[in-house]
Amino acid sequence: MPVTTSESAITGVEGYVAEFERFQQTLNEPAGLTALRRRAIARFAELGFPTLRQEEWRLTNVAPVAQGAFHWPENDPDAVAPGLLAPHTFDAAARLVFVDGRFSPRHSFVGELPPGTVVASLAEVLAREPERLEPWLARFAKFDRHPFVALNTAFLRDGAFVHVPRGAVTGPIHLLFLSSGEEGRPTLSFPRNLFVAGEGSQTAIVETYAGEGAYFTAPVTELVAGPSAVIDHYKVQRESLGAFHLATFQVQGERAAVPSSHSISIGGALVRNDVNAVLDGEGIDCILNGLYFGDGRQVVDNHMRVEHAKPHCASHELYKGVLDGKSRAVFNGLIHVHKGAQKTDAKQSNRNLLLSRDAIANSNPQLEIFADDVKCTHGSTVGQLDEDAVFYLRSRGIGAEAARSLLTYAFASDIVERIKIEPVRRDLEEFLFTRLPMGEVVRQAV
Amino acid sequence: MTGMLEIKNLHASVDGNEILKGIDLTIQPGEVHAIMGPNGSGKSTLARVLAGQEAYEVTAGQVTFEGKDLLEMDPEDRAREGVFMAFQYPVEIPGVGNTYFLKAALNAVRKHRGLQEMDAIEFLKMVRGKMKLVQMDEGLLNRPVNEGFSGGEKKRNEIFHMAVLEPRLCILDETDSGLDIDALRIVADGVNALRAKDRSFLVITHYQRLLNYIVPDYVHVLVDGRFVRSGGKELALELEEKGYSWLEGMAPEHPAAQPVGA
């Protein structure tokens, strides 16, 4: 748990509320936004940090965050060492880099994009033309029941704003969030992203989270998939093992949109991903996939909520976890079908592979169905490697360790293979080859 | 002369139940031995003990393979030394491509034998040749191991693996089960093509039919964990005619049938 004696450390509910009073005086923004922040911090003051007594948090203890003391970063975002960036970058159409939640122009670029496409720092857009954000910002990610969304909304400052206009097709847009907390002076950041995909547009956005040391980050991303927009979203979470990462990803789908999300969770001491999708138009086809790894004492919690608000929508969720050491995973998958959302086709599957006796996975599917002509299925499994398969591989000359690694890789591979952006997929494969014992045999065998 | 495989007084149990109650068997290079027996007699247990499946506990006896203590070896080392078992129920392994997996397996075996690893081009050339042996469809190469294969395709894939890995001792664990006559013929032709004077076979089957195609040098009948009768290939025909009930009563009176081929 981070401990600090610095005067500027923020800690406890009162600490954040007091910090907000100071923070809001530094703002120069539309009155509407400040009013929103006030409502958010007031709501946070009411909610407080979640406890194990709350249903939505009963298996994930956020006490290290609630009791921790964090600092705003003081470093210069442009001064971040290029060596920290390099492992995470790839050839993208645009890349924005944020260091401890603040935009780094020096490490960012926007290449050739279709006319009218905006890929920019949210802080810059807020300063220059805040009215551009007004129709969408903070309209979808609700803070009334989620203290971390409330905190993010109160303190939001920077992040990425991506707007792909009607009919435009872009290459992959990369957003890299680096954090650099020091021991004894852990940092705090509230990245806020807004992606708007116009009617019939097509784009791919990759969010990468990585860092060093101890820190707390609570990003919120809102994605609006316009009518018939095709948008592939990837989140690669490779935070440091000292990080607390509590994120919300909010998808708002309009008629016939095809939003997909792939969430890869590797790092972090305490990780929580709330993924909420509201399918608010007919004919939406929404894919939500995830792959999470846990080792040591890592905690990773994926909380999914898919709301079928209109008829003829499909949602397919597949989340897989590989858990070793004393790690712990939570999967909570709620599918809520509104009255009138007929012909809903909702599928949810959560599979967990335990590699050690001490790893734990909790899987909790929930269906709330208020329409009568729907197809909803869910399944969850928690299991170990199939010993028959291990023996089969060994009987062909593959060593015991390599056989286990090969089967672990195979378990993860159906999510890996769905990643359409090659460098992202390759990075993940590389991670597996490096992380798995005898990974070189696996590299050769797949 | 000692055999390629020497089994002496082998006893094995699973979950505390003794299944093999004293097996003696010697196999010389190039020989084909068939083991027949009713369901539950211990045929598959013998195959799996030889391949090294850990669920089976050897409680007494010895097994040497080319002079080395086989029971001391891990399953992968047995494979690398040249023991191969074609599974009765080949395991589906989603996510692991048949070809890549086989290349990793072959290279593990070659490394163990002090041979150079094969590169992809050499490997593919060799693999294409071996596929013809069992009339394997090239499409099956690029699929995950056994995933979605029909019963016949799975068995052919086992023989294909065997052909690629070039073992010295091939154990076929009820490879004929679930095969129609055409598939059986293809599998048997593949096996026959692999017969060689330095390669031995242990063919485990419930039915005599397979032995019309893979003609054994010796036939042993296993009842209740012991060989009750050993003989030449004509023993299989006799069994087919009279049924296992003919021999079932013999087990207690003949605790140690004569080993053959010694």
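Keep in mind that this is a model prediction, so the values were computed, not measured.

**Section: the overall build of chain A**
Part 1 of the argument: Scanning chain A from N- to C-terminus turns up 10 helices and 23 strands.
Part 2 of the argument: Taken along the three principal axes of its C-alpha coordinates, chain A extends 70 × 55 × 50 Å.
Part 3 of the argument: Scored against the burial criterion, the 446 residues of chain A give a buried share of 60%.
Part 4 of the argument: A total accessible area of about 17,000 Å² is found for chain A, and carbon and sulfur atoms account for 50% of it.
Part 5 of the argument: If you average the places of the 44 positive and of the 54 negative side-chain charges in chain A, the two averages end up 3 Å apart.

**Describing the layout of surface pockets**
Rolled over the atoms, a probe with the dimensions of a water molecule shows which regions are left empty.
All names here are of chain A.
Part 1 of the argument: Within this model, the largest pocket holds a volume of roughly 600 Å³.
Part 2 of the argument: Lining the largest pocket we find 28 residues, and of these Glu-56, Arg-145, Asp-274, Asn-276 and Arg-305 sit closest to its centre.
Part 3 of the argument: For the lining of the largest pocket, the secondary structure elements donating two or more residues are β14 (242-253), β16 (270-279), β18 (299-308), β20 (328-337) and β22 (360-369).
Part 4 of the argument: The element that contributes the greatest number of residues to the lining of the largest pocket is β16, accounting for 5 residues.
Part 5 of the argument: The residue makeup of the lining of the largest pocket, split by class, is 8 nonpolar, 9 polar and 11 charged.

**Focus: the interface of chain B and chain A**
Part 1 of the argument: Counting residues at the interface gives 35 residues for chain B and 21 residues for chain A.
Part 2 of the argument: Summing the contributions of chain B and of chain A, the shared interface buries around 2,200 Å²; its carbon and sulfur component is 62%.
Part 3 of the argument: Connecting chain B to chain A are 4 salt bridges.
Part 4 of the argument: The salt bridge partner of Arg-394 of chain A is Asp-74 of chain B, with a shortest N-O separation of 3.9 Å.
Part 5 of the argument: The tally of links between chain B and chain A comes to 10 residue pairs in polar contact (both at pLDDT 80 or more).
Part 6 of the argument: At the level of secondary structure, the elements contributing two or more residues to the side of chain B that touches chain A comprise α2 (75-81), β6 (83-86), β7 (93-97), α3 (98-112) and α5 (151-165) of chain B.
Part 7 of the argument: Ranked by residues supplied to the side of chain B that touches chain A, first place goes to α3 of chain B with 8 residues.
Part 8 of the argument: Tallied by class, residues from the side of chain B that touches chain A come to 21 nonpolar, 7 polar and 7 charged.

**Remarks on empty space enclosed by the protein**
Residue and element names in this part refer to chain A.
Part 1 of the argument: Enumeration over the complete set of coordinates arrives at 6 cavities of 30 Å³ or more.
Part 2 of the argument: If you trace the largest cavity, you find 15 residues lining it, with His-233, Lys-235, Ala-247, Phe-249 and Asn-273 closest to the centre.
Part 3 of the argument: Elements supplying a minimum of two residues to the lining of the largest cavity: β10 (202-212), β13 (230-238), β14, β15 (258-265) and β16.
Part 4 of the argument: Among the residues making up the lining of the largest cavity, the classes are represented as 5 nonpolar, 7 polar and 3 charged.
Part 5 of the argument: One number sums up the size of the second largest cavity: a volume of about 80 Å³.
Part 6 of the argument: Among the elements of the structure, β20 and β22 are those that each provide at least two residues to the lining of the second largest cavity.

**Examining the sheet that holds β13 of chain A**
All names here are of chain A.
Part 1 of the argument: Reading across from one edge, β4-β3-β7-β10-β13-β15-β17-β19-β21-β23 is the order of the 10 strands in this open sheet, with mixed pairing throughout. Here the strands that pair on one side only, and so sit at the sheet edges, are β4 (102-110) and β23 (375-383). Averaged over all adjacent pairs, the angle separating strand axes in this sheet is 10°, with direction ignored.
Part 2 of the argument: Two strands pair when backbone bridges link them, and strand β7 (residues 169-180) and β10 are joined in this way by 10 bridges, in the parallel orientation. Bridge assignment links Phe-177 to a residue of β10, and that residue is Tyr-209.
Part 3 of the argument: Strands in contact with helix α8 (residues 400-416) are β15, β17 (285-294), β19 (314-323) and β21 (345-354); relative to β19, the strand with the most contacts, it is inclined by about 150°.
Part 4 of the argument: In this fold helix α9 (residues 422-435) packs onto β10, β13, β15 and β17, with an angle of close to 25° to the strand it touches most, β17.

**Some words on the side chain of Asn-157 of chain B**
All names here are of chain B.
Part 1 of the argument: Among the structural elements, Asn-157 can be located in helix α5.
Part 2 of the argument: A relative accessible area of 0% places Asn-157 in the buried class.
Part 3 of the argument: A polar side-chain atom of Asn-157 sits 3.0 Å from a polar atom in the side chain of Asn-98.
Part 4 of the argument: What Asn-157 contacts, discounting residues up to four positions off in sequence, is Asn-98, Met-136, Val-145, Asn-146 and Phe-149.

**Description of the packing of helix α2 (residues 31-47) of chain A against helix α6 (residues 147-155) of chain A**
All names here are of chain A.
Part 1 of the argument: Where α2 contacts α6, the axes come no closer than 8 Å and their chain directions differ by 145°. Here α2 runs over α6; the crossing is left-handed. Contacts from Leu-36, Arg-37, Ala-40, Ile-41, Phe-44 and Leu-47 in α2 reach Pro-147, Ala-150, Leu-151, Thr-153, Ala-154 and Phe-155 in α6.
Part 2 of the argument: Here the residues of the contact of α2 with α6 are counted per class, giving 10 nonpolar, 1 polar and 1 charged.

**Description of the confidence of the model for chain B**
Low pLDDT marks stretches whose predicted atomic positions should not be read closely.
Residues and elements named next belong to chain B.
Part 1 of the argument: In the predicted model, chain B carries a mean pLDDT of 91, and the fraction of residues at 70 or more is 94%.
Part 2 of the argument: Here helix α9 (residues 245-248) is the element of chain B with the lowest mean pLDDT, 78, and β6 is the one with the highest, 98.
Part 3 of the argument: Per-residue pLDDT stays below 50 along residues 252-257; that stretch engages in 5 contacts with residues further than four places along the chain or on separate chains.

Rules used in this analysis
- Residues numbered from 1 in each chain as written.
- Chains lettered and ligands numbered in written order.
- Predicted model: local features only at pLDDT ≥ 70, side-chain atom pairs only at ≥ 80, totals over all residues.
- Heavy atoms only, no water.
- Helix = DSSP H or I, 4+ residues; strand = E, 2+ residues; numbered from the N terminus.
- Buried < 20%, exposed > 50% of the residue type's maximum accessible area, 1.4 Å probe, protein only.
- Areas by Shrake-Rupley, 256 points an atom, 1.4 Å probe, with all protein chains shown as cover.
- Lys, Arg positive; Asp, Glu negative; His and termini not counted.
- Charge placed at Lys NZ, Arg CZ, Asp CG, Glu CD.
- 1 Å grid on protein atoms, 1.4 Å probe; cavity = no way out; pocket = protein on both sides within 12 Å on 5 of 7 lines; lining within 4 Å.
- Points joined across faces, edges and corners; volume = space filled by probe spheres on them.
- Nonpolar A, V, L, I, M, F, W, Y, C, P; charged D, E, K, R; others polar.
- Contact = heavy atoms within 4.5 Å.
- Buried area = accessible area lost by both parts, 1.4 Å probe.
- Salt bridge = Lys/Arg side-chain N within 4 Å of Asp/Glu carboxyl O.
- Polar contact = N/O pair within 3.5 Å; in protein donor to acceptor, adjacent residues only side chain to side chain.
- Pairing = 2+ DSSP bridges.
- Axes fitted to C-alpha atoms, helices over the stretch in contact; angles between N-to-C directions.
- Left-handed = near helix turned anticlockwise from the far one by under 90°.
- pLDDT = per-residue confidence, 0-100.

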